[in-house]
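Structural features, examined
Residue-level listing of the chains:
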Amino acid sequence: MTAITAENLIKDFGDFRAIDKISLSIAGGEITAIVGPNGSGKTTFIKSILGLVKPTSGNIIVNGVKLNGTFKYREQIGYMPQQASFPENITVKETIDLLCDIRNKTGDLSEELINKFNLQKEYNKKIKTLSGGTKQKLNAVIAFIFDPEILILDEPTAGLDPYASGILKDKILSVRKGGKTILLTSHILSELEDMVENVIFLLEGSIRYNGKVNDLIERTSSSNLERAIASLISGVAV
Amino acid sequence: MKVLSKIVKYQLQDAFRSRWLAAYSLFLIVFSYGLISLTGDSSKVVLSLMNLVITIVPLISIVFGTVYIYNSRDYIVFMLSQPIDRKILFLGVYLGMCVSLAAAFITGIILPILFYANYFVNNLADIFIVLISGIFETIIFIGLSFYIAIKNENKLKGFGISIFCWLFFTVIFDGILLMILQQFQDYPLEKVSLLIISINPIDLARIWITLSYDISSLMGYTSAVIKDIYGTGWGSFITILLLTVWALWPLLLGLRNFNRKDM
């Protein structure tokens with residue numbers, strides 16, 4: 001079963017081609033990582049899936065829905081951006097309430113992430129008084145709280161302390177066991193290795209590798225993911 | 001509709017706790033209070049309030065609107081990743097901004113006037129027109145600012161265009177008009193000037209306020225012309241109509257651009 005399919009996806013920003021004819025499918029119920037250096041098109045690709053960026057040509061199909069200005073399909077997506085910010089003078093609780101309201105779901109406030117991050121004690125604080133890490137925790141909670149079928153996490157552990165990022169990783173793994181699809185990007189490759197099944201390597205907007213992590217490591221005869229990617233970048237093997 | 005009202009409610013929650021909005025309201029209160037206690041002449045007060053409506057209100061609205069869109073970019077992107085229609089989100093943010101700034105404006109003008117209520121018994125209609133035209137200016141310039149900020153990715157450029165836009169309608173436009181009138185003074189230009197002036201939302205507000213006033217002939221060439229041609233009733237109707245057009249087109253353009261934009 002595929003959760004997300006891209007067909008000949010092209011995105012130009014003026015003269016710059018951010019995504020160059022990408023065709024791929026992302027397996028449902030698995031963890032897939034998109035890796036690549038800065039400016040390789042990772043975020044643009046994620047934003048195309050979310051409908052934030054409109055493709056120049058090509059199609060994206062999410063859970064059987066072909067994207068073209070529709071928004072309903074996003075009910076099944078939980079998104080954690082690199083940095084989200086909310087209006088400054090709103091409290092944490094009000095923000096969660098708003099999103100529950102919009103999705104017409106109650107949202108599980110006993111959610112384990114809220115407890116583990118100890119977010120209850122921040123409920124009545126205004127967003128502007130929160131630290132960067134706490135904001136990131138709030139983003140994580142919002143991504144998971146509606147129990148979506150597909151989770152899209154852009155640099156999920158960036159900005160979190162090691163303890164919190166451990167909690168988040170455990171959560172990702174437990175959601176994976178529940179059969180959800182997880183798509184994430186990260187710069188910290190060593191962190192991905194132990195949890196990710198599939199890896200998509202983007203360079204200058206096109207796919208250089210798409211497959212299992214283990215295969216990649218074997219094929220490049222490297223000792224770990226980080227070195228395997230490094231050898232992909234330097235053009236050796238594959 | 002339900003989602004729209006939720007977003008507006010949330011925007012208002014944020015705006016009404018904002019210090020900037022409170023500062024704007026406070027400034028208006030101090031300004032109008034000072035005006036009333038210094039002049040004591042209700043007609044003069046109304047005229048000064050009119051000048052406020054056609055200079056400060058547009059400036060504040062266009063600046064607040066531009067800054068808000070640029071500052072809220074991450075928030076807007078996040079909201080668009082939720083199952084929300086783009087148009088609804090845009091309208092929600094827009095209405096939230098309009099309602100909060102208009103509320104701050106009304107509070108700032110009304111409170112001092114209520115305090116001196118007995119001064120103004122004869123000018124109630126004028127004050128009402130000042131308030132309505134202030135609301136129009138707020139809505140128009142927020143619409144313009146949203147359009148400009150969405151169209152321009154570069155903050156500095158967007159901000160520059162916004163300020164220029166305000167300067168153009170408050171100062172430059174009248175300068176150009178005056179030049180034209182002076183150059184062609186040998187010709188009957190009443191109707192032409194009327195046409196030109198109706199493309200400036202600030203002049204429209206000025207016309208509308210002065211129309212209802214006996215002193216319209218003193219206040220400016222154009223309102224006297226309008227009064228001559230249409231009379232007060234029709235004149236007011238046409239200016240309101242044109243102001244409504246002005247409130248709508250930047251909003252619709254902004255909406256269209258927002259709908260297509262890559263976030």
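Residues numbered from 1 in each chain as written. Chains lettered and ligands numbered in written order. Predicted model: local features only at pLDDT ≥ 70, side-chain atom pairs only at ≥ 80, totals over all residues.

**Considering the overall build of chain A**
Threshold: In this text, helices come from DSSP runs of H or I with a minimum length of four residues, and strands from runs of E with a minimum of two, each type numbered from the N-terminal end. Note on method: radius of gyration uses C-alpha positions; expected globular size equals 2.2 Å times residues raised to 0.38. Exposed residues have 12 or fewer other C-beta atoms within 10 Å of their own C-beta, buried residues have 20 or more, and partly exposed residues fall in between, where C-beta atoms are placed from the backbone.
Tallying secondary structure elements over chain A gives 8 helices and 10 strands in all. Expected size for 238 residues packed as a compact globule is a radius of gyration near 18 Å; at 18 Å, chain A falls within 12% of this value. Expressed as lengths along the three principal axes of its C-alpha atoms, the size of chain A is roughly 55 × 40 × 35 Å. Buried residues in chain A amount to 42% of all 238 residues.

**Observations concerning the overall build of chain B**
Note the cut-off: Contact between two residues is assigned when their C-beta atoms, built from the backbone, lie within 7 Å.
Scanning chain B from terminus to terminus reveals 11 helices and 0 strands. Secondary structure of chain B in N-to-C order comes out as α-α-α-α-α-α-α-α-α-α-α. Principal-axis analysis of the C-alpha atoms places the extent of chain B at approximately 60 × 45 × 30 Å. Buried residues in chain B amount to 42% of all 263 residues. Looking at chain B alone, contacts between residues at least 24 apart form 79% of all its contacts between residues at least 6 apart.

**Notes on the nonpolar core**
Put simply, the rule is: Defined on buried residues, the nonpolar core groups Ala, Val, Leu, Ile, Met, Phe, Trp, Tyr and Cys residues joined through C-beta atoms within 7 Å.
Formed by 136 residues in total, the largest nonpolar core has its most connected members in A:V141 and A:I152. Dropping the residues within four chain positions of it, A:I152 is found in contact with A:I46, A:I49, A:L50, A:I77, A:Y79 and A:L183.

**So, unusual backbone geometry**
Note: most peptide bonds trans; most residues except glycine with negative phi. Residues and elements named next belong to chain A. Backbone geometry at N8 places phi at a positive 45 degrees, although glycine is not the residue there. Examined against the element boundaries, N8 turns out to sit in strand β1 (residues 2–13). Positive phi outside glycine occurs at N118, with the angle close to 60 degrees. Counting through the fold element by element, N118 comes out in the loop between α3 (112–117) and α4 (132–145). N118 gets classed as exposed once you count the C-beta atoms within 10 Å, which come to 11.

**A short note on helix α9 (residues 201–211) of chain B**
By the criterion of burial, α9(B) is predominantly enclosed, with 11 of the 11 residues buried. Every buried residue of α9(B) is accounted for by B:P201, B:I202, B:D203, B:L204, B:A205, B:R206, B:I207, B:W208, B:I209, B:T210 and B:L211.

**Thoughts on the pairing of strand β6 (residues 77–80) of chain A**
Residues and elements named next belong to chain A. Rules: A pair of strands is treated as paired once DSSP finds two or more bridges between them.
Of the two faces of β6, the one holding I77 and Y79 and the one holding G78 and M80 are both buried throughout. Of the strand pairs in this sheet, β6 and strand β7 (residues 150–154) are connected by 4 bridges, and their pairing is parallel. Bridged to M80 within β7 is L153.

**Observations concerning the sheet that holds β6(A)**
Residues and elements named next belong to chain A. The cut-off we apply is this: Each axis is a line fitted through C-alpha atoms, and for a helix only the stretch in contact is used; angles between axes span 0 to 180 degrees, taken between their N-to-C directions.
In space, the 6 strands of this open sheet follow the order β6-β7-β8-β3-β9-β10, with mixed pairing throughout. At either end of the open sheet lies a strand with only one pairing partner, and these are β6 and β10 (206–212). Strand-to-strand twist across the sheet, computed as the mean angle between neighbouring axes with direction ignored, equals 15 degrees. On the sheet, α4 packs against β6 and β7 and is oriented at approximately 170 degrees with respect to β6. Along the sheet, helix α5 (residues 162–177) makes contact with β3 (31–35), β7 and β8 (181–185), crossing β8 at roughly 150 degrees.

**Looking at the sheet that holds strand β5 (residues 65–66) of chain A**
Residue and element names in this part refer to chain A. Taken together, the 4 strands give an open sheet; going across it, the order is β2-β1-β4-β5, and neighbouring strands pair in antiparallel fashion. For this open sheet the edge positions go to β2 (16–27) and β5, each flanked by a neighbour on one side alone. By the bridge criterion, 5 bridges tie β1 to strand β4 (residues 57–62) in an arrangement that is antiparallel. Within the sheet, the bridge partner assigned to A6 lies in β4 and is I60.

**Overview of the pairing of β1(A)**
Relative to β2(A), β1(A) is paired through 8 bridges, and the arrangement is antiparallel. Residue pairing in the sheet places A:A6 in a bridge with A:L24 of β2(A).

**Concerning the packing of α4(A) against α5(A)**
Residue and element names in this part refer to chain A. Which entries qualify depends on this criterion: An angle counts as roughly parallel when it lies under 35 degrees, as roughly antiparallel when it exceeds 145, as roughly perpendicular when it falls between 65 and 115, and as oblique in every other case. The residue classification treats Ala, Val, Leu, Ile, Met, Phe, Trp, Tyr, Cys and Pro as nonpolar and Asp, Glu, Lys and Arg as charged. All others, Gly included, are polar.
Closest axis-to-axis distance for the α4/α5 pair is 12 Å, and the angle between their directions is 10 degrees. With respect to α5, the axis of α4 lies roughly parallel. Between α4 and α5, the residues in contact are G133, K137, A140 and F144 and A164, L168, K171 and V175, respectively. Partitioned by chemical class, the residues of the contact of α4 with α5 number 5 nonpolar, 1 polar and 2 charged.

**Regarding the interface of chain A and chain B**
Residue-level contacts link 25 residues of chain A with 20 residues of chain B. Top element by residues in the side of chain A that touches chain B is helix α2 (residues 92–103) of chain A. It accounts for 6 residues. Looking at side-chain class alone, the side of chain A that touches chain B contains 13 nonpolar, 3 polar and 9 charged residues.

**A few points about the confidence of the model for chain B**
The following threshold applies: What pLDDT expresses is the predictor's confidence in each residue, scored from 0 to 100.
Confidence in the prediction for chain B averages 88 pLDDT; 92% of positions are at 70 or higher. For this predicted complex, the interface score ipTM comes out at 0.88, while the overall pTM is 0.90.

**Details of the environment of B:L38**
Residue and element names in this part refer to chain B. Within the fold, L38 resides in helix α2 (residues 19–39). According to the C-beta neighbour criterion, L38 is exposed, with 11 such atoms within 10 Å. Note: C-alpha distance between L38 and R256 (218 residues apart in sequence) is 47 Å.

**What to know about the packing of helix α1 (residues 2–16) of chain B against helix α5 (residues 86–115) of chain B**
Residues and elements named next belong to chain B. Using the following cut-off: Left-handed describes a crossing whose near helix is turned anticlockwise from the far helix by less than a right angle; the clockwise case is right-handed.
Running from N to C, α1 and α5 cross one another at 40 degrees; their axes reach a closest spacing of 8 Å. By the angle between their axes, α1 is oblique relative to α5. Seen from above, α1 lies across α5 with right-handed handedness. Only I88, L89, L91, G92, V93, L95, G96, V99 and S100 of α5 make contact with α1, whose side of the interface consists of V3, L4, I7, V8, Q11, L12, A15 and F16. Of the residues contributing to the contact of α1 with α5, the split by class is 13 nonpolar, 4 polar and no charged.

**A closer look at the environment of A:R227**
All names here are of chain A. Here R227 shows up in helix α8 (residues 225–233). Its 14 C-beta neighbours within 10 Å are what place R227 among the partly exposed residues. Taking the C-alpha atoms as reference points, R227 and L189, 38 residues apart in sequence, are found 9.3 Å from one another.

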